[in-house]
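# Reading the structure
So you can see what is in the structure, the chains are spelled out below.
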Amino acid sequence: MSSPLILVNFKSYREGAGNAAGQIASAAELVMQESGVTIGIAPQFVELHPFCKHYEIPVYAQHIDAVEGAFTGRIPAFTVRAAGCVGSLINHSERRLTIAEIEACVEAAKFNHLESVVCTNNVGVSAAAAAFSPTYVAVEPPELIGSGISVAKADPDIIRNSVAAVKKISSDVKVLCGAGIQSGECVKTAVDLGADGVLLASSVVKAKDPEAVLRDLVSLL
Ligand code: G3P
């Protein structure tokens, strides 16, 4: 199996903006280089282009829109690609879309050579998302997001069963899990349950020392 992906979503946290965001990106780059584990970041939109230019790590958008032309205030997939991103989250729990929009965004990502990370809230939705053949399905129980309680400990079945449901639809679709991921132990449990990596936010973005948390996250891989 290729290296698991550790994908850090900066959300709209104040701690994920400006200089602080640069420090997190820099720490991610360092830990990725030292460990060989792939660490991606999903910074805030205004940082996408500079971070893609400045850091040697995979950069993802937090959202894309399947639009082109006279649409004000939207995030076209081709703009994200032109900024240098490798992919985008789609349908994050805090940026939910309709099923038709999810399909259109996955298609827009494919057309623009972007990886698609479709977020889901349960096993059934994970299976439905897999039918669109995204690069990743990322399952996150909404009640555990930002809670500090790890999905790997509190709900390992949602990981195991999402992996099974997704692979039944397509063995090419990879699976991430997220919500409360905070340690190397969480990452190892997720990978042992069949996940291809993790999606996380607060444990890194709000940490006093993001580099130390990133080092811990990769420590058991
Ligand atoms: O996008 C990742 C996220 O929803 C999980 O958040 O803070 O529980 O790691 P958190």
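Conventions and cut-offs
Residues numbered from 1 in each chain as written. Predicted model: local features only at pLDDT ≥ 70, side-chain atom pairs only at ≥ 80, totals over all residues. Heavy atoms only, no water. UniProt positions renumbered as here; feature names shortened; annotations may be inferred. Core = buried A, V, L, I, M, F, W, Y, C linked by side-chain atoms within 4.5 Å. Buried < 20%, exposed > 50% of the residue type's maximum accessible area, 1.4 Å probe, protein only. Helix = DSSP H or I, 4+ residues; strand = E, 2+ residues; numbered from the N terminus. Contact = heavy atoms within 4.5 Å. Pairing = 2+ DSSP bridges. Axes fitted to C-alpha atoms, helices over the stretch in contact; angles between N-to-C directions.

Going by the annotation in UniProt, the name recorded for the protein is Triosephosphate isomerase, with Methanocorpusculum labreanum given as the source organism. Taken directly from UniProt, the Subunit text for the protein runs: "Homotetramer; dimer of dimers."

This part covers the nonpolar core. Ile6, Leu214 and Leu217 are the most contacted members of the largest nonpolar core, which totals 66 residues. Considering each element in turn, this core owes the most residues, six residues, to helix α1 (residues 18–35). If near-sequence neighbours (up to four positions away) are discounted, Ile6 is found in contact with Val37, Thr38, Ile39, Gly40, Val187, Val198, Leu200, Leu217, Val218 and Leu221. Counting residues in hydrophobic clusters, the runner-up holds 11 residues, among them Val117, Cys119, Ala138 and Leu199.

It is worth spelling out the sheet that holds strand β7 (residues 174–178) at this point. On the basis of which strands lie adjacent, the open sheet formed by eight strands has the order β2-β1-β8-β7-β6-β5-β4-β3 and parallel pairing. Two strands bound the open sheet, and with one partner strand each, they are β2 (38–42) and β3 (60–61). As paired elements, strand β5 (residues 115–120) and strand β6 (residues 136–139) share four bridges and run parallel to each other. Residue Val118 lies in a different strand from β6, and its bridge partner there is Val137. In the packing of helix α4 (residues 99–111) onto the sheet, contacts are made with β4 (87–90) and β5, and the angle to β5 comes to roughly 160°.

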